[in-house]
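# Secondary and tertiary structure notes
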Amino acid sequence: MWSGDELDLDAYLARIGYAGELQPDLDTLFGVHRAHTAAIPFESLDVLLGHPIALDVKSIEDKLVRSRRGGYCYEQNTLLAAALERIGFTVAGRGARNRTRGDALLPVTHAVLVVTVDGEPWLCDAGFGLQGPREPVPLGRPGTVVSQGEWSYAVREEADGVLVLTFLREGAWRDLYAFGPQPTHPVDYVLMNHYSSSHPRSAFIGQLVVHRPGVPGAVHRLSLVRGEFTTLHPDGRAERHPVAPDELTALLDREFGIRLSDRDAGELVRIYRAEY
């Protein structure tokens, strides 16, 4: 389903810095997921630049692996799904509804994965950005709190089989997103991607968004949204700093590992200077 046979697995593993065993077991699942979220940043720069977002495995590999860029959920989780499928895991897709904006009812636009190991389903998601999980979260035991370093997650079950991923922040559990049991497929991600990359109500249109939820050797998380660079700490502290246009490309390289072509970097700075 995920075209894992088309993926250059060795290049992917080198990109994420994973050198462990490759078995369809929990150790491998946790290791690959953790390495992926630490190495590949969340970013939607191509949407801002007006470039099309291709979701075939080879295009994603060229961008996220060979060009060492980042991507948003459809790219990130399609790449992760292809790698896990190639290793031998059973991988299914789900469409999720973002719940981070209060009581607003948002469309199903987030793509996540469910990976089954020894009969137990695990939520895998390398593409939710700043507050997303760094490791798999168990789905078969709703209410179980899992710690990922100094960050905690739990899944709550609602009516009609809906599962909600929650995140502990500043002493309170906050909903991140909800998804039902209905499987989604790569072709569904194409439709969702079209909305997210082109609809005027999409959060990615006209807005610079870059996140790094897994910083190697650190507990904090990094974010650059519009003109503000944020360091988020587990205790809820958020250090915020404005970013000047002349600082933008150097910050993307230093903090997120993103290097654009000269043409794209120049266009991004032009857009950034005009907007922010």
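This section reports on the structure supplied with the text. (Residues numbered from 1 in each chain as written. Predicted model: local features only at pLDDT ≥ 70, side-chain atom pairs only at ≥ 80, totals over all residues. Heavy atoms only, no water.)

Read across the open sheet, the 8 strands follow the order S5-S4-S3-S2-S9-S8-S7-S6; overall the sheet is antiparallel. In this open sheet, the two edge strands, each paired with only one partner strand, are strand S5 (137-138) and strand S6 (146-148). (Pairing = 2+ DSSP bridges. Helix = DSSP H or I, 4+ residues; strand = E, 2+ residues; numbered from the N terminus.)

It is worth spelling out the pairing of strand S10 (residues 209-212) at this point. Side-chain alternation along S10 places Val209 and His211 on one buried face and Val210 and Arg212 on a second face that is also buried. Note: strand S1 (residues 42-43) against S10, 2 bridges, orientation antiparallel. In the sheet register, phenylalanine 42 faces S10, and the bridge partner there is histidine 211. Of the pairings in the sheet, the one linking S10 to strand S11 (residues 221-225) comprises 4 bridges and is antiparallel in character. Among the inter-strand pairings, arginine 212 is bridged to a residue of S11, identified as leucine 222. (Buried < 20%, exposed > 50% of the residue type's maximum accessible area, 1.4 Å probe, protein only.)

As a further point, take helix H1 (residues 9-16). A large share of H1 lies buried, amounting to 6 of its 8 residues. What H1 keeps buried is the set Leu9, Ala11, Tyr12, Leu13, Arg15 and Ile16. Tucked inside the fold, the buried residues of H1 contact helix H2 (26-39), helix H4 (57-66) and helix H5 (73-87). (Contact = heavy atoms within 4.5 Å.)

This part takes up the pattern of salt bridges. In total, this model carries 22 salt bridges according to the counting rule given. The shortest N-O distance in the salt bridge between glutamate 170 and arginine 174 comes to 3.3 Å. On the accessibility criterion, arginine 174 (36% relative accessible area) is partly exposed. Across the salt bridge formed by aspartate 235 and arginine 237, the nearest N and O atoms sit 2.9 Å from each other. A cluster of three or more residues bridged by salt bridges with shared partners is formed by Glu43, Asp46, Lys63, Arg69 and Glu75. (Salt bridge = Lys/Arg side-chain N within 4 Å of Asp/Glu carboxyl O.)

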